[in-house]
Amino acid sequence: MHDQYLAATIASPRGGKPNRREVSLTASVSSSPESLAPRRWIAHLDMDAFFASVELLKYPELRGEAVVIGGGRLQQPVLQPDGTRQFARMRDYVGRGVVTTSTYAARAFGVFSAMGIMKAARLAPDSILLPADFEAYREYSTRFKQAVANLAPVIQNVGIDEIYIDLSEHGDGAPAFAARLKAAVFDATGLSCSIGLAPNKLLAKICSDLEKPDGLTILHPEDIATRVWPLPAKKINGIGPKATAKLAAMGIVTIGELAQADLGMLRTQFGDLYTGWLHQAALGIDDRPVQTSRETKSVSRETTFERDLQVVRDRAVLSEKLESLCTRVAGDLDKHALAGRTVGIKLRFEDFSTVTRDITLPSATADAAAILRATRDCLRRVPFEKKIRLLGVRISTLCDPSQSTRQAPAQAELFPAL
DNA sequence: TCTGGGGTCCTAGGACCC
DNA sequence: TCTGGGGTCCTAGGACCC
């Protein structure tokens, strides 16, 4: 009977939201209950407090301390004449940064990712504040992923510190194999990770979080009611703050409550596709494969100013920032051997409202000057009544740069020049 | 005490084609 | 003459994730 969880149907792409094409497969598959997919074992491997743990390798004297990692613009530790290091303290911070991550000791004070550093400083004023060192994190990321890849080839990159691994071929040996992976990651990096092992990605992701840090959590389909249903619905990857609030307003807090919710009631809030996905997710159903590669869809750069800027008075600074962002986007395109046709800007104002404008060019480009010209076209369409907090540049509709001078599809040329 | 930066995907309306 | 329906592209905004 549990095979419904394995053979099940709905799929949710990255971000957790339903995808029209995949959902349309649902009816045909679920209407034939005898169609049994082979049992899958999917592991979700999540490094424990990754950035903070890398920092502790760099600065072992901080082990056990409450340490917070902020953005890259923060003050570096200062080496003293006596050989010890002087670290910045949270209470001395002034600015607009947010917490990237924190050690478990800092989390005990209530300091978590995405919190403003100023707010975090009030909760833990004596905590140590370190700048993010992405070069080091990328280095350790490569190491742990390579260590896993040496043993298990079917890997999906999720971010710098997370992967999914398809361990189906190991059958009953999958749990023991997952333990081997943990050991291999530790050998390669000196860092611990947590692994969730389950019949699909959705459940594996939930599981890896259940026994953090240094956990290995195995979930069988028959455990869903006891181990998954009591958890808050927001533990499902794809149910964020907005959906959580809407669910709570309907009296739905746990995954179990969501599983039993009336679909008609859910539909009044969410629409057909998301409703269907919510229901299946609550039942632990997820058929998405482990995807070993994906193509880049967009490239962007953005920056938040240290103070809000005025269009007229700060025109020179804004122009300079815009040009710099375009140059960086062009550099990223070059690095990835890509060009793009749709150039867009993003503005966030002092009241945190955000607008975007974009324009699709007749042919793809990777040239900073061409990107800059396009962003200026976009900027002309923005009403400037408020001070600007953030400026961003994005390029999408990407292709191979060898096609960048090629004419766009005939249809696009029919549009009047803007 | 206001909230970074780099992404993906979905929705929805209008233009346009067949 | 009037109506319509499917499909694709473009644009803007928003939810969500790490």
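Residues numbered from 1 in each chain as written. Chains lettered and ligands numbered in written order. Predicted model: local features only at pLDDT ≥ 70, side-chain atom pairs only at ≥ 80, totals over all residues. Heavy atoms only, no water.

Points about the packing of aromatic side chains
Within the structure shown, the criterion is met by nine aromatic pairs. Ring geometry for phenylalanine 50 against phenylalanine 144: centres 6.3 Å apart, planes inclined by 70 degrees, an arrangement best described as edge-to-face. A residue pair is termed long-range when its members are at least 10 positions apart, and phenylalanine 50 in helix α4 (residues 50-58) and phenylalanine 144 in helix α7 (residues 134-149) qualify at 94 residues. The class of phenylalanine 50 is buried, set by a relative accessible area of 2%. Joined through ring pairs, the aromatic side chains of Phe50, Phe51, Phe134, Tyr137 and Phe144 make up one cluster. For arginine 39, the ring lying beneath its charged end belongs to tryptophan 41, and the centroid distance is 5.2 Å. Geometry around tyrosine 164 places lysine 201 over its ring, the cationic atom sitting 5.2 Å from the centre. (Phe/Tyr/Trp six-rings, centres within 6.5 Å; stacked < 30°, edge-to-face > 60°. Helix = DSSP H or I, 4+ residues; strand = E, 2+ residues; numbered from the N terminus. Buried < 20%, exposed > 50% of the residue type's maximum accessible area, 1.4 Å probe, protein only. Lys NZ or Arg CZ within 6 Å of the ring centre and 35° of its normal.)

Examining the UniProt feature "binding site: Mg(2+)" (unreviewed entry) in chain A
Mapped onto this numbering, the UniProt entry annotates "binding site: Mg(2+)" (unreviewed entry) at Asp46 and Asp161. A stretch of 116 residues holds the annotated residues, and the largest C-alpha distance among them is 6.0 Å, short enough that they meet in one place. Within the secondary structure layout, aspartate 46 lies in strand β1 (residues 42-47). Every residue in contact with aspartate 46, bar those within four places of it in the chain, is listed here: Asp161, Glu162, Cys193, Ser194, Ser208 and Lys212. Sequence-distant contacts of aspartate 161, that is, excluding residues within four places in its chain, are made with Leu45, Asp46, Met47, Phe50 and Phe144. (UniProt positions renumbered as here; feature names shortened; annotations may be inferred. Contact = heavy atoms within 4.5 Å.)

A few points about the confidence of the model for chain A
Summarising the model, chain A shows a mean pLDDT of 89, and 87% of its residues fall at 70 or more. The model gives residues 1-35 a pLDDT under 50, and that stretch makes 65 contacts with residues more than four places away or in other chains. The low-confidence segment residues 406-418 (pLDDT under 50) makes nine contacts with residues lying over four places distant or belonging to another chain. (pLDDT = per-residue confidence, 0-100.)

Section: the side chain of lysine 145
In this structure, lysine 145 sits in helix α7. Of the side chains with opposite charge, aspartate 161 comes closest to the buried, unpaired lysine 145, at an N-O distance of 7.4 Å. (Lys, Arg positive; Asp, Glu negative; His and termini not counted. Salt bridge = Lys/Arg side-chain N within 4 Å of Asp/Glu carboxyl O.)

Digging into helix α14 (residues 272-282)
Along α14, the residues classified as buried are Tyr274, Thr275, Trp277, Leu278, Gln280, Ala281 and Ala282. One or two positions beyond α14, positive phi appears at glycine 284, with a value near 80 degrees.

Brief notes about the protein's contact with DNA strand C
Inspection of the region around DNA strand C gives 22 residues, with Lys205, Gly238, Lys242, Asp358 and Thr360 positioned closest. If you look at DNA strand C and keep only atoms within 4 Å of the protein, 96% of those are sugar or phosphate atoms. Here lysine 205 contributes a side-chain N or O atom positioned 2.2 Å from a phosphate oxygen of DNA strand C. Contacts to DNA strand C include aspartate 358, whose backbone N or O atom sits 2.6 Å from a phosphate oxygen. Those elements that place two or more of their residues in the surface near DNA strand C are α11 (241-249) and β14 (354-365). In terms of residue count, the dominant contributor to the surface near DNA strand C is β14 (six residues). In terms of residue class, the surface near DNA strand C is made up of seven nonpolar, six polar and nine charged. (Near = heavy atom within 4 Å. Polar contact = N/O pair within 3.5 Å; in protein donor to acceptor, adjacent residues only side chain to side chain. Nonpolar A, V, L, I, M, F, W, Y, C, P; charged D, E, K, R; others polar.)

Comments concerning the UniProt feature "site: Substrate discrimination" (unreviewed entry) in chain A
In the numbering used here, UniProt assigns the feature "site: Substrate discrimination" (unreviewed entry) to Phe51. Its place among the elements puts phenylalanine 51 in helix α4. If near-sequence neighbours (up to four positions away) are discounted, phenylalanine 51 is found in contact with Ile69, Thr100, Thr101, Phe134, Tyr137 and Ile160.

Concerning the packing of helix α13 (residues 263-270) against α14
For the pair α13 and α14, interaxial distance at closest approach is 8 Å and the crossing angle is 130 degrees. With respect to α14, the axis of α13 lies oblique. The two elements α13 and α14 meet at a crossing, and its hand is right-handed. Mapping the contact onto sequence places Leu263, Leu266, Arg267 and Phe270 in α13 and Asp272, Tyr274, Thr275, Leu278 and His279 in α14. Class assignment for the residues of the contact of α13 with α14 results in five nonpolar, two polar and two charged. (Axes fitted to C-alpha atoms, helices over the stretch in contact; angles between N-to-C directions. Parallel < 35°, antiparallel > 145°, perpendicular 65-115°, else oblique. Left-handed = near helix turned anticlockwise from the far one by under 90°.)

A look at the nonpolar core
Formed by 37 residues in total, the largest nonpolar core has its most connected members in Leu45, Ile165 and Leu167. Leu202, Ile252, Trp277 and Val290 belong to the second largest nonpolar core, which has 33 residues in total. (Core = buried A, V, L, I, M, F, W, Y, C linked by side-chain atoms within 4.5 Å.)

With respect to the side chain of glutamate 162
Mapped onto the secondary structure, glutamate 162 falls in strand β9 (residues 162-166). Engagement of the side chain of glutamate 162 in a polar contact is seen with the side chain of histidine 44, the distance being 2.8 Å. There is a polar contact of 3.1 Å between the side chain of glutamate 162 and the side chain of lysine 205. Setting aside residues no more than four positions away along its own chain, glutamate 162 makes contact with His44, Leu45, Asp46, Phe144, Lys145, Gln156, Asn157 and Lys205.

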